[in-house]
Structures are given as structure tokens and as C-alpha cells.
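# Secondary and tertiary structure notes
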Amino acid sequence: MHLSIRNLTLCMVVCTAALLGIGLVLPKWLLFMCTMAFANGLVSLGIVILMRGGVVAFGQGLMSAIGGYTAALIFQKLGFTDGIALTVLGGLAATLLTAPFAPLLSRYRGIFFSMLTLALSMVGYGILVKTERLGGSDGFNLGRITLAGHALSDDGVGYALYALAVCFAVVMSYLCRIYFDSTRGLITQAIRDNELRVEYLGGSVRHTMALNFVLAAFLGGCGGALAVMALGHIDPTFSYWTTSGEFVFVAILAGSQSVVAVMLASVILEAVRSFSSSYFPNTWQLALGLFLLFVIRFLPFGIGSLWSSKQHKERA
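Residues numbered from 1 in each chain as written. Predicted model: local features only at pLDDT ≥ 70, side-chain atom pairs only at ≥ 80, totals over all residues. Heavy atoms only, no water.

## Some points on the pattern of salt bridges
- Taken as a whole and assessed by the stated rule, the structure comprises five salt bridges.
- One salt bridge connects Arg177 with Asp181, and the closest N-O pair in it is separated by 3.0 Å. Of this pair, Arg177 and Asp181 both sit in helix α7 (residues 157–181), four residues apart, roughly one helical turn.
- On the basis of relative accessibility, which here comes to 13%, the residue Arg177 falls in the buried class.
- Between Asp193 and Arg192 there is a salt bridge whose closest N-O contact spans 3.8 Å.
- On the basis of relative accessible area, Asp193 is assigned to the partly exposed category, the value being 47%.
- A relative accessible area of 26% places Arg192 in the partly exposed class. (Salt bridge = Lys/Arg side-chain N within 4 Å of Asp/Glu carboxyl O. Helix = DSSP H or I, 4+ residues; strand = E, 2+ residues; numbered from the N terminus. Buried < 20%, exposed > 50% of the residue type's maximum accessible area, 1.4 Å probe, protein only.)

What follows is the structure, given as C-alpha cells:
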């Protein structure tokens, strides 16, 4: 059962206030981990948009890299340091640079779509590695941002970045939930079930899939910009295939039924990776893989299936 806009808005406000309040008592290391989780969750949210149409993007790392490099370059070259604007500009840059590929990719499904997006991501990785003006394989550092014209202190910068990531994650999740329940969002689900029937009913499959790709690019760019500001460094590995694979893992863990599950899955994945790398430094990938297998075995429809309706599960 879908929430009304009023109830959904109330949930958004309550969640934002609760997360901001929790951040006040978190230690610095956990604050940073949650900041990265929400930033990466935004990138994975773009994959979920595409998953609802029956395709999976293995090149979402390219969107994250474009957003990150855009924010870092504007900061370094133009001296523009506002974190909110840098995040939005990162999303817009990722949208503008990848939108020309949307009409092409909207024609493909299944493994062909996945491999094409992966190929684009690896082409971007190769360009970034070979471009010395962008730092080459080492990348370059990013200084401390400002918020609404105010400089951030040493003690307050961690919480400010966390608050920025939380606000963007909650607002974008809110807008995505509205989009999922809209006519275009329902057409996306219909495309996954029966693409030919959608065309017979007058819906444009290619237009819908192209729009979803553009929306995923914007979310990926915003998430990449937030991650770069939290890390203080950008390098070509943002566009590498293993990075894209992590975003896909989060989307699989979450499932395509809930936007809340995407952020929760991102936090869980970051926590598992952090603790497994601390206690099993040489085999943390094994621990992470076993965790993923466990979730896929017992929650085949993702974490969101824990509270989704029975009709949603049957449709999935």
C-alpha cells in the first residue's frame, strides 16, 4: 500500500531529524562510515531505478567518477567551495556527459545493457588514468568545503559532511519514491513484466528507459561528489569495474521494492567491510562474499522484502 504525499513528506522530515540527531552522538570513525554509506547509497539508488525496468548497470562507477571529478575540479580550479552546490553540479555534469548515450542504451536489455555500461565505465577509467592534468593514476586532493558560505571547523567538518549526505540521501529517496509511484514509474515496472504490451498500450519503452538512465546518472554524480568531499581525494578507481560492482551489490542486497532498503543496505555493506577488514585483514573479501551469499540465499528479493507487501513480492 502506497503512502500519500503528505504521509511520505512527514516520514521524510522525521527520518531526517532522527538521522541528524543520531549523528550528534556518533564517534568520528562511525560518522565517516555513515557518510560514505549514504553517498554510495545514492549511486546504488540509480541502479535500483534501472532494475525496476529489468536492467542492471555495471558502469555506475563512471557516473560517480564524473561527479567526483567535477566537484574536485571546480573546487581546485575555480575556488568554488560550497558543498551543496558542488554536489548538485556533480550530478548535473554526470547527467550531461552521459545523456548522449541514453538513446543507444535504451535499445538493449539483459547482459548487453550491463556490458555496454561496463564498457563505458572502463573507457572512462582509461581516459582518467592517462590524463595527467587530472592527476593521472594518483588523482589529486580536495580541500575543505564550506556550507552556505560558512567555513567548517576541525571538530565540525565531519558532522557537516554527514548532515549533507543525510539530507541529499533522504531528499533523493523521497523524490524517487514519488517517481516510482508515478505513471512513468509504473510504466517502468510494466516494461520489466511485458515490454511488448507496454508498446501496444501506447507507452514509449525507449523513452522511459532513457529517462531512467539519465536519472541514474544524476544520482550517481551526486553520490560521487559527496564521497569525494568526505574522502578529500579523487582518483580513477572511482570508475573501475570493482567499484561499480560494489554499487551493484548494494542494489542486490536492497532489492528494487524500497528506497529505504537501499540506504540501509549501503550502511550494512560499509559496516561489514569495515569490521571484516579490521578483524580479517587478509580475507575480508571472503567474509564480505559469504555475507552476500547469506543474504541472497535467505532474502532473494532483498532487504526491502522484509516489509514490502505480499503483492510486491509476487510481482517481483
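The rest of the description comes next.
## Some thoughts on the packing of aromatic side chains
- With the rule as written, the count across this model stands at eight aromatic pairs.
- With 6.5 Å between their ring centres and 55 degrees between their planes, Tyr179 and Phe180 make a pair best called tilted.
- Classification of Tyr179 by relative accessible area gives buried; the value is 15%.
- Judged by centre distance (4.8 Å) and plane angle (50 degrees), the ring pair of Phe294 and Phe298 falls under tilted. (Phe/Tyr/Trp six-rings, centres within 6.5 Å; stacked < 30°, edge-to-face > 60°.)

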